[in-house]
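Structural overview for review
Spelled out from the first residue to the last, the chains are:
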Amino acid sequence: METCAKFWMCHENPHWSVRKVYPYVLKKALSVPCAPLGRAQSYIRCTPVQQDGDSQFILSDHAIIISLYSMVSEPASGQRLRVTSSSCLRPVYLPVDIGHCAGVKSTSNQWLEGDLKTVYITRQVLTADYSEAILTFSGPDIVANRYNHEIGWTVATRTVLRRRPDEKFLKKQLLVLKLLRHISEPIQDAELHSIKSSYDPISYLANYDCPDCVRSLVRDLDNGMFLNREEIFSLFHPEHRRQMVTLFEALYGAKDYDTFFSTAVYFRDRVNPRQFLYAFSVALLHRKDCRGLVLPPAYEITPHMFLTTDVVRRAYQAKMTRSPTVIPMKFTGSVNNPEQRVAYFGEDIGINSHHSHWHMDFPFWWKKSYPVDKDRKGELFFYMHHQMVARFDAERLSNNLPMVEPLDFNQKIVEGFAPGAMYHNGQEFPVRPDNMMFGDLPWRSVHEMKLFEGRIRDAITSGFIKTVGGVTYLNNSGGINTLGEIIESSENSINRAYYGQLHNDAHVLLSKVTDNQQKYGVPPGVMEHFETATRDPAFFRLHKHIDNLFKLHKDLLPPYSKDELDFPGVKIEAVKVVGMSKASTPNTLVTYFDESHIDLGNCVEGTDKVDVDIKAVVSRLNHEPFKYVITVHSNKKVTGVVRMFLAPKYDWFGQEIPFRDARWSVIELDRFPVKRKIVFKISTHLKGNILTPPLNAGDNVITRNSEDSIVTIPEPRSFPELLHEVQQALKGDEEYIVDKHYRHCGIPHRLLLPKGKTEGMAYKLLIVITDYSKDAVSEVTKPTWLPEMARGWFLPKDRLDRAIHPKIQPEDVEDYSSLGYCGVMEGKIPDSKPMGYPFDRPIQSMDNFFTPNFKVIDLTIKNVN
Ligand SMILES: [Cu+2]
């Protein structure tokens with residue numbers, strides 16, 4: 001008999017409190033007979049209505065993200081979990097093997113089906129119509145399972161500017177995907193082919209902001225002065241970069257979308273594929289008329305840059321024999337190398353993708369003349385890399401390794417690295433043996449590097465930068481940004497002739513260390529590409545070294561005074577962290593490894609006519625979803641910003657890390673305003689909303705779902721999945737939702753927590769609430785989507801008001817996903833506090849530091865496999 005789990009999510013209570021946790025131990029429900037799928041017997045009916053006693057809310061432009069999870073260490077095969085919904089449940093972040101919602105919207109019996117083997121990965125689905133959702137979960141044969149499956153679900157909301165895209169938008173998205181399919185091969189698609197053969201940019205020079213760029217681009221290409229298609233593009237190579245920037249300027253400066261896209265099609269087969277990909281991606285990410293367009297995951301466009309050679313070879317085999325295959329991918333190295341214990345972090349495809357996208361959102365070559373100014377780019381450069389290093393250290397401690405040692409230009413590079421990977425042209429990524437010394441490059445000597453660094457140290461310790469004919473002072477809130485721009489260095493660097501480009505050149509020095517005089521034509525190493533750099537342990541060594549320069553600066557700033565730290569009248573009474581599974585112990589969180597699939601369709605050449613399903617499967621870190629429960633006492637109505645950090649409690653020697661030192665190792669988990677509560681009744685449309693102040697006088701309980709973190713992004717959709725969704729939507733079979741705030745940059749959500757230890761690893765959770773009215777940046781640029789709104793998008797009134805009066809509101813922080821490490825694409829970062837506040841500055845007096853709006857609790861992270 002088919003059995004099913006009854007999910008009495010809403011019990012007799014018709015209220016749907018979103019973000020509330022409804023864990024359920026499946027095995028306890030197995031005796032409940034289950035009606036055939038689709039019957040309303042095992043269902044939950046959830047209709048969001050008036051909320052009370054809960055600080056959660058949903059907005060009509062929020063989509064609901066439902067995550068299915070199961071804490072399973074070893075799943076049995078052949079088990080299926082089925083989810084049905086009254087409204088079209090769209091799988092948004094599901095691996096490809098999950099079925100798609102294939103019916104017409106809002107009819108019953110549309111279903112998602114997933115093999116339990118993969119359901120234990122945190123899954124996220126998004127309802128297209130959240131006004132009412134009836135979810136049916138059924139799991140035949142689960143009763144026979146010998147494992148203690150625990151399956152539950154969580155509901156979270158994420159702001160999505162819901163928009164049913166018109167055909168035009170879908171067409172744009174479809175063609176973007178097709179353009180990036182098999183990037184190294186000439187265009188196959190008939191439609192793209194017709195654009196390619198009919199469009200000539202020279203005939204439309206008036207359609208470009210920079211006609212000269214287009215003219216010189218075409219001329220250089222005709223004269224064979226561009227990088228050959230078979231060669232390896234390196235962003236750090238000045239000539240490669242110059243060519244790429246010309247192409248970028250042609251694309252970015254195209255006056256309308258059609259010109260932009262036709263230009264892209266025209267150049268796609270004429271320039272080097274990765275050079276094209278980079279210029280096209282950065283242009284698409286920055287063009288206003290491309291908002292909401294999604295790029296496929298970086299590791300699926302150019303899989304060679306992310307996979308090891310053995311996987312690529314097997315993918316070719318599978319393609320040749322036309323046999324659908326799932327290829328297991330291992331991390332590089334062997335157990336004889338202790339560094340391999342943390343390879344799961346540095347080699348994680350999502351971390352590499354995050355790093356490469358950060359450098360696309362904040363390119364060091366971004367010119368001051370471009371219309372968009374990158375807010376606090378230098379500070380973000382410091383903070384994003386600082387957090388990666390802090391995080392890597394936590395992973396090391398959890399694997400019984402000491403914290404990473406900084407590199408030094410005078411010292412040996414202790415750890416070698418063997419990437420085991422191959423470029424698309426067949427050249428191998430070079431291997432670096434252990435204990436190599438830095439060597440001079442023909443254009444940059446180690447001595448010069450030391451000189452540049454000495455000048456930077458000198459500037460930091462004297463508190464000012466030498467400019468041409470003057471000085472710029474550093475020991476103020478903007479100093480970190482100035483310093484970041486100098487150290488990277490970016491186009492904004494104040495005096496590059498004097499301070500050099502320390503970080504960029506160090507990447508190249510490391511990349512070419514095995515052939516520093518370029519005698520053997522060895523191709524660039526992994527350190528020379530943002531999408532491959534983090535796999536090399538030297539990346540973290542280099543960044544620890546650079547991070548120490550930033551620390552030197554921060555340590556010279558005065559500690560925050562008690563007045564600056566305090567939030568008078570606000571006291572954090574208690575904090576608790578609760579995992580979603582029923583067996584969870586408060587303040588103990590669980591990490592585990594599960595499988596993640598990478599589509600290898602682009603790995604092997606050949607037309608799409610013979611479609612063979614080839615994937616790589618890789619083990620990746622994940623964690624049990626959890627929520628924070630914070631009790632705050634306030635003596636008045638105020639708005640606050642909650643900032644949450646995690647710090648390892650013990651060092652490698654087992655000694656408790658003093659708080660003064662721990663401050664530099666904190667990992668930011670989340671940052672959010674304690675926001676207004678919106679009360680609304682909804683049937684199919686918004687009936688009204690009421691604003692209430694966020695923190696009332698008296699006790700307040702704030703809950704926050706881990707999935708709402710502003711440092712992470714959800715699992716991206718795979719290439720075939722995106723393609724399928726767009727095609728279905730074009731046919732009218734499926735609704736497609738556009739998220740105008742979609743970001744490709746951000747730590748993959750599955751990596752929010754560092755790996756725990758089997759016996760549990762001790763952490764401190766640090767929470768501080770600051771005064772929103774002091775933190776908010778009062779002006780933001782006018783939202784660029786304003787004219788589009790006028791064309792009939794549905795927007796709630798408060799959002800409309802905000803668009804007209806673009807003054808920042810508390811919840812804006814949440815409108816920007818992955819704001820924590822990835823800032824904003826344009827306009828101002830809404831939070832004015834220095835990144836990492838209040839741990840960015842030295843702590844002199846503990847008494848001063850521990851103000852009532854600050855709380856530390858002990859937290860244990862356990863790893864279960
Ligand atoms: Cu970087």
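Under the annotation held in an unreviewed UniProt entry, the chain carries the name (California timema) hypothetical protein and is attributed to Timema californicum. In the Sequence similarities (unreviewed entry) part of its UniProt record, the chain is described as follows: "Belongs to the tyrosinase family. Hemocyanin subfamily."

1. Some points on unusual backbone geometry
Negative phi characterises most residues that are not glycine, and trans characterises most peptide bonds. For the peptide bond that leads from E488 to S489, omega is -15°, which places it in the cis range. With respect to the secondary-structure elements, S489 resides in the loop between α14 (479–488) and α15 (496–499). With an omega of 0°, the peptide bond between Y837 and P838 qualifies as cis. Locating P838 in the fold gives a position in the loop between α25 (819–822) and α26 (846–849). Despite not being glycine, H182 shows a phi value in the positive range, around 45°. Position of H182 among the secondary structure elements: in the loop between α2 (167–180) and α3 (190–198). Taking relative accessible area as the criterion, H182 reaches 7% and is therefore assigned buried.

2. Let's talk about the nonpolar core
If you look at the biggest cluster of nonpolar residues, it comprises 179 residues, and the most contacted ones within it are F248, F260, F261, F280, W365, I630 and L765. With 11 residues, the single largest contributor to this core is helix α12 (residues 377–398). Not counting residues up to four positions away in its chain, the partners in contact with I630 are I572, A574, V575, V642, M644, N700, V701, I702 and I767. Counting 26 residues, the second-largest nonpolar core is a separate cluster that includes M329, L600, V604 and I614.

3. Points about the sheet that holds strand β17 (residues 640–648)
Taken together, the 7 strands give an open sheet; going across it, the order is β10-β15-β14-β25-β24-β17-β18, and neighbouring strands pair in mixed fashion. What marks the edges here is a single partner per strand, and that holds for β10 (325–329) and β18 (667–673). Averaged over all pairs of adjacent strands, the angle between strand axes in this sheet comes to 30°, irrespective of strand direction. Pairing of strand β14 (residues 588–599) with strand β25 (residues 854–863), which is carried by 4 bridges, proceeds in the parallel orientation. In the strand pairing of β25, T591 is matched with N863. Contacting β10 and β15 (614–623), helix α9 (residues 309–321) runs over the sheet at an angle of about 170° to β10.

4. What about the pairing of β10?
Taking every second residue as pointing to the same face, the buried face of β10 carries T325, I327 and M329, while none of V326 and P328 on the other face is buried. Across 5 bridges, the pairing between β10 and β15 is parallel. For I327, the partnering residue across the bridge sits in β15 and is A616.

5. Topic: the side chain of R396
You can see R396 is positioned in helix α12. Apart from residues no more than four positions distant in its own chain, R396 is found in contact with E339, V342, L401, P402, M403 and V404.

6. Section: the confidence of the model for the chain
Here the chain shows a mean pLDDT of 76. Residues at 70 or above account for 73%. The least confident element of the chain is strand β1 (residues 21–24), whose mean pLDDT is 25; the most confident is α12, at 97. Counting contacts from residues 677–692, a segment whose pLDDT is below 50, to residues more than four positions away or on other chains yields 33 contacts. Every residue in residues 779–811 is under pLDDT 50, and counting partners more than four places away or in other chains gives 63 contacts.

7. Observations regarding the coordination of the copper ion
The coordination sphere of the copper ion, as far as protein atoms go, consists of H355 (NE2), H359 (NE2) and H385 (NE2), spread over 2.0 to 2.1 Å. Counting the intervening residues between successive donors of the copper ion yields the motif H-x3-H-x25-H. Of this pair, H359 sits in helix α11 (residues 349–361) while H385 sits in helix α12, and the two are 26 residues apart along the sequence.

The rules we used
Residues numbered from 1 in each chain as written. Predicted model: local features only at pLDDT ≥ 70, side-chain atom pairs only at ≥ 80, totals over all residues. Heavy atoms only, no water. UniProt positions renumbered as here; feature names shortened; annotations may be inferred. Helix = DSSP H or I, 4+ residues; strand = E, 2+ residues; numbered from the N terminus. Buried < 20%, exposed > 50% of the residue type's maximum accessible area, 1.4 Å probe, protein only. Core = buried A, V, L, I, M, F, W, Y, C linked by side-chain atoms within 4.5 Å. Contact = heavy atoms within 4.5 Å. Pairing = 2+ DSSP bridges. Axes fitted to C-alpha atoms, helices over the stretch in contact; angles between N-to-C directions. pLDDT = per-residue confidence, 0-100. Donors = N, O, S within 2.8 Å, 3.2 Å for Na, K, Ca; no water.

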